[in-house]
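Results of the structural survey
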Amino acid sequence: MSERVRNGAYDDWLDAIGDDEGYYVECENGHGWLPPRRVCPDCGSRELSEEPLPEAGEVATHSTVHVPTPQFEDDAPYVIAVAHFGPASITGMVRGADPEDVEIGTVVGVEVGERATTGDRAVVFRPR
Amino acid sequence: MSDPRVAGASVTRFGKHPERTGRDLFAEAGLAALDRSGVPADDVDALYYGNFMGEIAEHQGHQGPLMAEAVGLTVPATRYEAACASSGAAIRDAVRAIRNGEQEVVLVGGMERMTNVGTAAATDALAIAADDLYEVRAGMTFPAAYALMARSYFDEHGGTREDLAHVAVKNHEHALVNDNAQLQKEISVDEVLDAPMVAEPLGLYDACPITDGASAAVLTSEDYAERHGLDAPVAVTGTGQDGDNLALHDRQNYAATPAAAGAVAEAYADAGIDADDVDFAEVHDCFTIAEVLAIESIGLYEPGKGISAAREGETTRHGETPINLSGGLKAKGHPVGATGVAQLVTITKVLEGTHARADAVPAADVGVAHNAGGTAASATIHVFEVKA
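Right, let's walk through the structure included here. (Residues numbered from 1 in each chain as written. Chains lettered and ligands numbered in written order. Predicted model: local features only at pLDDT ≥ 70, side-chain atom pairs only at ≥ 80, totals over all residues. Heavy atoms only, no water.)

1. What about helix α11 (residues 288-297) of chain B?
Residues and elements named next belong to chain B. Quick note on the threshold: Only protein chains enter the accessibility calculation, which uses a 1.4 Å probe; a residue whose area is less than 20% of its type maximum is buried, one above 50% is exposed, and one in between is partly exposed. Segments assigned H or I by DSSP are reported as helices when at least four residues long, segments assigned E as strands when at least two residues long, and all are numbered from the N terminus. Only heavy atoms matter for contacts: two residues are in contact if any of them lie within 4.5 Å across the pair.
Burial runs high along α11: 10 of the 10 residues are buried. Burial in α11 covers these residues: Thr 288, Ile 289, Ala 290, Glu 291, Val 292, Leu 293, Ala 294, Ile 295, Glu 296 and Ser 297. Next to the buried residues of α11 lie α6 (142-157), α7 (161-175), β6 (202-203), α10 (258-271) and β10 (366-373). Among the residues trailing α11, Gly 299 stands out with phi positive, at a value near 90°.

2. Topic: the layout of surface pockets
All names here are of chain B. Short version of the rule: Put simply, the grid is 1 Å and covers the protein atoms alone, a cavity is a trapped set of points that fit a 1.4 Å probe, a pocket is an open set with protein on both sides within 12 Å along at least five of seven lines, and lining residues have an atom within 4 Å of a point. Grid points are joined across faces, edges and corners, and a volume is the space filled by probe spheres set on the points. Lys, Arg, Asp and Glu make up the charged group, whereas Ala, Val, Leu, Ile, Met, Phe, Trp, Tyr, Cys and Pro make up the nonpolar group; the residues left over, Gly among them, are polar.
As a volume, the largest pocket reaches approximately 660 Å³. Residue lining of the largest pocket: 25 residues in total, with Leu 204, Ala 207, Cys 208, Pro 209 and Ile 210 positioned closest to the centre. When residues of the lining of the largest pocket are traced back to their parent elements, those giving at least two are α5 (118-127) and α6. For the lining of the largest pocket, the element with the most residues is α5, which contributes 4 residues. Residues of the lining of the largest pocket, tallied by class, amount to 15 nonpolar, 7 polar and 3 charged.

3. What to know about the packing of α6 of chain B against α11 of chain B
Residues and elements named next belong to chain B. This is how it is decided: Interaxial angles span 0 to 180 degrees and are taken between N-to-C directions of axes, which are lines fitted to C-alpha atoms, for helices over the stretch in contact. Crossing handedness is read from the near helix: turned anticlockwise from the far helix by less than a right angle, it gives a left-handed crossing, and turned clockwise, a right-handed one.
Running from N to C, α6 and α11 point in directions that differ by 60°, and their axes come no closer than 9 Å. α6 and α11 meet at a crossing whose hand is left-handed. Of the residues in α11, those in contact with Tyr 146, Met 149, Ala 150 and Tyr 153 of α6 are Ile 289, Ala 290, Val 292, Leu 293 and Glu 296. Among the residues making up the contact of α6 with α11, the classes are represented as 8 nonpolar, no polar and 1 charged.

4. Examining empty space enclosed by the protein
Per the counting criterion, the structure on display carries 3 cavities of 30 Å³ or more. Roughly 70 Å³ of internal volume is contained in the largest cavity. Here the lining of the largest cavity is built from residues that sort into 8 nonpolar, 3 polar and 1 charged. Of the volumes computed, that of the second largest cavity is approximately 40 Å³.

5. A few points about the interface of chain B and chain A
Accessible area lost on assembly of the parts is the figure often given for the size of an interface. Heads up, the rule is: Salt bridge criterion: a side-chain nitrogen from Lys or Arg within 4 Å of a carboxyl oxygen from Asp or Glu. Definition of a polar contact: a pair of N or O atoms within 3.5 Å, with one able to donate and the other able to accept a hydrogen when the atoms are protein atoms, and with sequence-neighbouring residues admitted only if both atoms are side-chain atoms.
Taken residue by residue, the interface counts 28 residues in chain B and 38 residues in chain A. For the interface between chain B and chain A, the tally reads 1 salt bridge. Its salt-bridge partner being Asp 250 of chain B, residue Arg 37 of chain A comes within 3.0 Å of it at the nearest N-O pair. Applying the counting rule to chain B against chain A returns 13 residue pairs in polar contact (both at pLDDT 80 or more). Listing elements by their share of the side of chain B that touches chain A, those giving two or more residues are α5, α6 and β5 (197-199) of chain B. Among the elements that take part in the side of chain B that touches chain A, α6 of chain B stands out by supplying 6 residues, more than any other. Tallied by class, residues from the side of chain B that touches chain A come to 14 nonpolar, 7 polar and 7 charged.

6. Focus on the nonpolar core
This is how it is decided: Among buried residues, the Ala, Val, Leu, Ile, Met, Phe, Trp, Tyr and Cys ones that are joined through side-chain atoms within 4.5 Å form a nonpolar core.
Core analysis: the biggest nonpolar cluster contains 47 residues, and Tyr 146, Tyr 153, Leu 202, Phe 287 and Ile 289 of chain B have the highest contact counts within it. When contributions to this core are tallied by element, the ones reaching two or more residues are β4 (57-65) and β5 (78-85) of chain A together with α5, α6, α7 and α11 of chain B. Among the elements that line this core, the one with the most residues is α6 of chain B, at 10 residues. The residues contacting Phe 287 of chain B, other than those within four sequence positions of it, are Phe 142, Pro 143, Tyr 146, Leu 202, Asp 206 and Ala 207 of chain B. One finds Ala 90, Leu 219, Leu 344 and Val 361 of chain B within the second-largest nonpolar core, a separate group that totals 36 residues.

7. As for the packing of aromatic side chains
Aromatic ring pairs are defined here through the distance separating the ring centres and the angle between the ring planes. This is how it is decided: Each Phe, Tyr or Trp ring (for Trp, its six-membered ring) is paired with any other whose centre lies within 6.5 Å, and the angle between the two planes then decides the class: stacked below 30 degrees, edge-to-face above 60, tilted in between.
Counting across every chain of the model gives 9 aromatic pairs over all chains. Consider the rings of Trp 13 of chain A and Tyr 134 of chain B, whose centres lie 5.3 Å apart with planes at 75°: the pair is edge-to-face. Of the two residues, Trp 13 of chain A is situated in helix α1 (residues 8-18) and Tyr 134 of chain B in the loop between α5 and α6; the pairing between them involves two chains. For the pair formed by Trp 13 of chain A and Tyr 134 of chain B, the shared burial category is buried.

8. Structural notes on the side chain of Ser 297 of chain B
All names here are of chain B. With respect to the helices and strands, Ser 297 occurs in helix α11. For Ser 297, a relative accessible area of 11% corresponds to the buried category. Discounting residues that sit within four places of it in the chain, Ser 297 has contacts with Thr 257, Ala 260, Ala 261, Val 264 and His 370.

9. Section: the state of the cysteines
All names here are of chain A. Stated precisely, the cut-off is as follows: Disulfides are defined as cysteine sulfur pairs within 2.5 Å.
For the structure shown, the criterion picks out 0 disulfides over all chains. Of all cysteine sulfurs in the structure, the one in Cys 43 sits closest to Cys 40, which takes part in no disulfide; the separation is 3.6 Å. Residue Cys 43 stays outside any disulfide, its sulfur separated by 3.6 Å from that of Cys 27, the closest cysteine. Look at Cys 43 and you get partly exposed, because its relative accessible area is 33%.

10. Section: helix α3 (residues 63-70) of chain B
By the burial criterion, the buried members of α3 of chain B are Gln 63, Gly 64, Leu 66, Met 67 and Ala 68 of chain B. Against α1 (22-37), β2 (46-50), α2 (54-58), β3 (77-80) and β4 (105-112) of chain B lie the buried residues of α3 of chain B.

11. Details of the packing of α1 of chain B against α3 of chain B
Residue and element names in this part refer to chain B. Test applied: Just so you know how the angles are binned, under 35 degrees is roughly parallel, over 145 roughly antiparallel, 65 to 115 roughly perpendicular, and the rest oblique.
The geometry of α1 relative to α3 is characterised by a closest axis approach of 8 Å and an angle of 55° between their N-to-C directions. In this view, α1 runs oblique relative to α3, as classed from their interaxial angle. The element α1 and its partner α3 pack so that their crossing is right-handed. The segment α1 lies against α3, with Gly 22, Arg 23, Phe 26 and Ala 27 engaging Leu 66, Met 67 and Ala 70. The class makeup of the residues in the contact of α1 with α3 is 5 nonpolar, 1 polar and 1 charged.

So far we have only geometry, and geometry alone does not tell us how the molecule works.
In structure tokens form, the structure reads like this:
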């Protein structure tokens, strides 16, 4: 699924993750989100700043996916997880671990990988 | 305030109709609802219509006027899209239009054609109810999203795959006498547990099927029903809707659906009831865990306590508060945009005593419909009561 037109804020964010300079968007009350955000959905604050993403996150929930969408056909089975990186949370695929070893609380780093199926970029978590 | 009456309601058979066009499916349900209502077509003021994936399944946008035309109407016709809660949202606006006196008679309904595109494309289409950039491109599927919620629920409250299996077994048993159901097949707990995994801890039998079908109902003002002597004892007495962050990861808690709870609070207050008054409910069990979250959100169970309800028999047709007497999405089928109004159809028939499972709640006078879109980023609740 190659795309000529970038999804600016999303692709910029992936670029930054790939350069090990990941960030999230935080409001003045400490609520964290992925870009783009012009307003905090929690408190309505418009005072948002980019903050460096913590190096390590913690798996909050996970699932091994056996029936994927067509764009992930050759990736399956794979582990999908939500991980908390400070106040921001990210959804990604866990690689570099036996699915049986992924647990709530597993500490992971985030990087940019490729989908086996399409070669498109994808958010990847790797146990640290 | 006048409570809209359900004057006529109908569904097509739910299942695989890969060669039937959406307009034909909706025409069947819509014309049957009109016929049952006894309301002349000329009196219909508007169509409120739910559909989710029409562009993908049929390359067809702008379905409102198309579906109105299919049932012989030239009226204001608008399509509602709120993922799997599309026709729940349609009911809500129809109810409001009648209550505020702008319209007296409306047709509500929904249709989804899904099997013609195949399982892979349907999985892809359903996934776009999630956040495309940050969930779908990260590998999220719809079953995976509910699997993440199930894992979180088990971690926070306890529970097992076997508890969830009892939800599937119950709903299949309920559907055995529902001739409009997609899956009229008894299943066992072991069969659920042994089925292929879709997204752990959810297997094939934890998931609703991919379904074609349509639903429709004629709603009228109380005054119209009285003036025309309609046989329409069931009223919509409460409506509620609430929302949540679209992406699951942006929520505080993955083991609850606060949008549904918010919609419930609004709908119960609107109807002047509380959870103790609810005799039965049709809830959005797209996955077994979804029924658990639903019965907690509608106030029948405290958070963390709904997991054992089916296993204990409390939500079976023999239990105190039967859930999904139709078979639910799990066995009846889930033509996404038609589901909200299909719940209305079931509840109306149960309250009127004409549903095949009405004998489960012979004295029922309050039924609740819980319709959720995505991972309940949209939720609508409607309360139905028997009026003299």
